[in-house]
Amino acid sequence: MPATKFICPDGRQVDIKKCLQKCINAQRCMFLPTLRAIAQSLDRGIKDPTVTELLCGVRETYLKKTTEYAIRPHDQLYAIHGSAVHTINEGYTEGNILSEERIYDDITSGKFDLYGQIIDLNDKTLGDYKVTSSYKLMRALGYYKVDIETEEIYKSGLRKGQRKTRKEWRTDGVRYLFDWAVQLNYYRMLLENKGFKVERMEVQAMCRDYSLRIAAERNIRKPVYVIHINNISDRWIKLYMNTKAERLNLSLKRGLMPEICTSRERWKNRKCAEYCAVADNCTFGRLVKNQIKAAA
Ligand code: SF4
Ligand code: SF4
């Protein structure tokens, strides 16, 4: 079941259909076509779980499929920005490039963004567009800071006599891009099952807060990065996605609530607290929100 309500900027909830007919507030928070595009992006009309749905926690996807929930149109803007980027590129996929085809297998289905000559004129690259935050980019690129000692010495205080330090960026850290890697590797498998050899995988990630100071503080200096994705074995990818698909399908069949999402899937509770659209329909989500309220 897709989202049925919008959350207005003042926190009130309104049926999406009602909002599209008439705003319940004095002024619309967005143009009607933008709201219509958001409403349409919420319902892709695909019954079985897709690769992107399986990448989320099983409980989150289960609740999105079985309960009514509300979303903030503003939060959905980045998703439709992503679609806009696809549309801009779509007009320029001349040559040997396939784009936006949905491929099915016996576990799930996935729609890759681009395949073919997207880096140079001889390659078979699988590419994916992302519109993301500087925080996620910093982690995906493996950037981190280290303390470097300087010649200056503290002359007083607790650290008197010790060398002063300054922060320096390093770019060889762990790259936190598990979801992107699993998603692209699954698309690679789907394409290869259809006879299309994938020689490399790349993500073109656009930074949505690039112009803000916070992006520079995270060493994000460009509006767009091309990030290489390594191969993961087909055996592992299939096992991982099949396990999640089976758990989800079993819960849907029996009408049983799945276990809470894993700590990684719920971003160590940050998602439950602020970003999960079905948190109000989830016992754990409500618990996290109540704990935050009580501590405030
Ligand atoms: S246009 Fe915005 S403010 Fe008006 S009803 Fe819809 S969501 Fe609420
Ligand atoms: S609130 Fe947290 S545990 Fe519940 S569905 Fe959302 S992400 Fe998963």
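This report concerns the structure included in the present document. Given the structure is predicted, the values throughout are model-derived calculations rather than measurements.

What about empty space enclosed by the protein?
- Applying the stated criterion across every chain, the model contains two cavities of 30 Å³ or more.
- In this structure, the largest cavity encloses a volume near 130 Å³.
- In terms of lining residues, the largest cavity is bounded by 15 residues, among which Cys 261, Arg 266, Cys 272, Cys 276 and Cys 282 are the most central.
- Tallying contributions element by element places helix H4 (residues 58–66) first for the lining of the largest cavity, with three residues.
- When grouped by side-chain class, the residues that make up the lining of the largest cavity number nine nonpolar, one polar and five charged.
- Approximately 30 Å³ is the volume found for the second largest cavity.
- Lining of the second largest cavity is provided by His 86, Asn 89, Glu 90, Thr 93, Ser 99, Glu 100, Asp 113, Leu 114 and Tyr 129.

As for the pattern of salt bridges
- Here the structure, examined in full by the defined rule, presents 20 salt bridges.
- Across the salt bridge formed by Lys 65 and Glu 53, the nearest N and O atoms sit 3.5 Å from each other. In this pair, Lys 65 sits in helix H4 while Glu 53 sits in helix H3 (residues 51–55), placing the two residues 12 residues apart along the sequence.
- Each member of the salt-bridge network shares a partner with another, and the members are Arg 188, Glu 192, Lys 197 and Asp 234.

As for the layout of surface pockets
- Of the volumes computed, that of the second largest pocket is approximately 210 Å³.
- Asn 89, Leu 114, Ile 118, Tyr 129 and Gln 204 are the residues nearest the centre of the second largest pocket, which is lined by 14 residues in total.
- Secondary-structure elements contributing two or more residues to the lining of the second largest pocket are strand E6 (125–132) and strand E9 (200–207).
- Partitioning the lining of the second largest pocket into residue classes produces eight nonpolar, four polar and two charged.

Considering the site of ligand 1
- Around ligand 1, the structure places Phe 6, Cys 8, Pro 9, Val 14, Cys 19, Cys 23, Ile 24, Asn 25, Arg 28, Cys 29 and Leu 35.
- Classifying every residue of the shell around ligand 1 by side-chain character gives nine nonpolar, one polar and one charged.

What about the sheet that holds strand E3 (residues 70–71)?
- Ordered in space as E2-E1-E3, the three strands form an open sheet in which the pairing is mixed. Every interior strand has two partners, whereas the edge strands, strand E2 (13–15) and E3, have only one.
- Bridge analysis of strand E1 (residues 5–7) against E3 gives two bridges, and the strand direction is parallel. Bridge pairing in E3 links Lys 5 to Ala 70.

Focus: the site of ligand 2
- Near ligand 2 you find Arg 59, Glu 60, Cys 261, Arg 266, Cys 272, Cys 276, Ala 279, Cys 282, Phe 284 and Gly 285, and these make up its full shell.
- Spatially, ligand 2 is embedded in the largest cavity.
- Elements supplying a minimum of two residues to the shell around ligand 2: H4 and helix H11 (283–295).
- By residue class, the composition of the shell around ligand 2 is six nonpolar, one polar and three charged.

Here's the deal with the pairing of E6
- Burial within E6 is extensive, with seven of its eight residues counted as buried.
- Note: strand E5 (residues 109–116) against E6, three bridges, orientation antiparallel. When the bridges of E6 are listed, Tyr 115 appears paired with Leu 126.

Topic: the sheet that holds E5
- One open sheet holds the five strands; their spatial order is E4-E5-E6-E9-E10, and the pairing between them is mixed. Edge strands, defined here as strands with exactly one partner in the open sheet, are strand E4 (97–104) and strand E10 (224–229). Mean inter-strand twist for the sheet, computed between neighbouring axes without regard to direction, equals 35 degrees.
- Sheet analysis places E9 next to E10, joined by six bridges and oriented antiparallel. Paired with Met 206 across the strands is Val 224, a residue of E10.
- The strands that helix H7 (residues 178–193) touches are E4, E5, E6, E9 and E10; relative to E6, the one it contacts most, it runs at about 150 degrees.

With respect to H7
- Taking 1.5 Å as the rise per residue, H7 with 16 residues should run 22 Å; its terminal C-alpha atoms sit 22 Å apart, in good agreement.
- Of all 16 residues making up H7, 12 are buried, and the element is well covered by its neighbours.
- Listed in full, the buried residues belonging to H7 are Trp 180, Ala 181, Val 182, Gln 183, Leu 184, Asn 185, Tyr 186, Tyr 187, Arg 188, Met 189, Leu 190 and Leu 191.
- Gly 195, located one to two residues past H7, shows a positive phi value of around 95 degrees.

Cut-offs applied
Residues numbered from 1 in each chain as written. Chains lettered and ligands numbered in written order. Predicted model: local features only at pLDDT ≥ 70, side-chain atom pairs only at ≥ 80, totals over all residues. Heavy atoms only, no water. 1 Å grid on protein atoms, 1.4 Å probe; cavity = no way out; pocket = protein on both sides within 12 Å on 5 of 7 lines; lining within 4 Å. Points joined across faces, edges and corners; volume = space filled by probe spheres on them. Helix = DSSP H or I, 4+ residues; strand = E, 2+ residues; numbered from the N terminus. Nonpolar A, V, L, I, M, F, W, Y, C, P; charged D, E, K, R; others polar. Salt bridge = Lys/Arg side-chain N within 4 Å of Asp/Glu carboxyl O. Near = heavy atom within 4 Å. Pairing = 2+ DSSP bridges. Sits in = over half its atoms within 2 Å of the grid points. Buried < 20%, exposed > 50% of the residue type's maximum accessible area, 1.4 Å probe, protein only. Axes fitted to C-alpha atoms, helices over the stretch in contact; angles between N-to-C directions. Contact = heavy atoms within 4.5 Å. Expected span 1.5 Å × (residues − 1).

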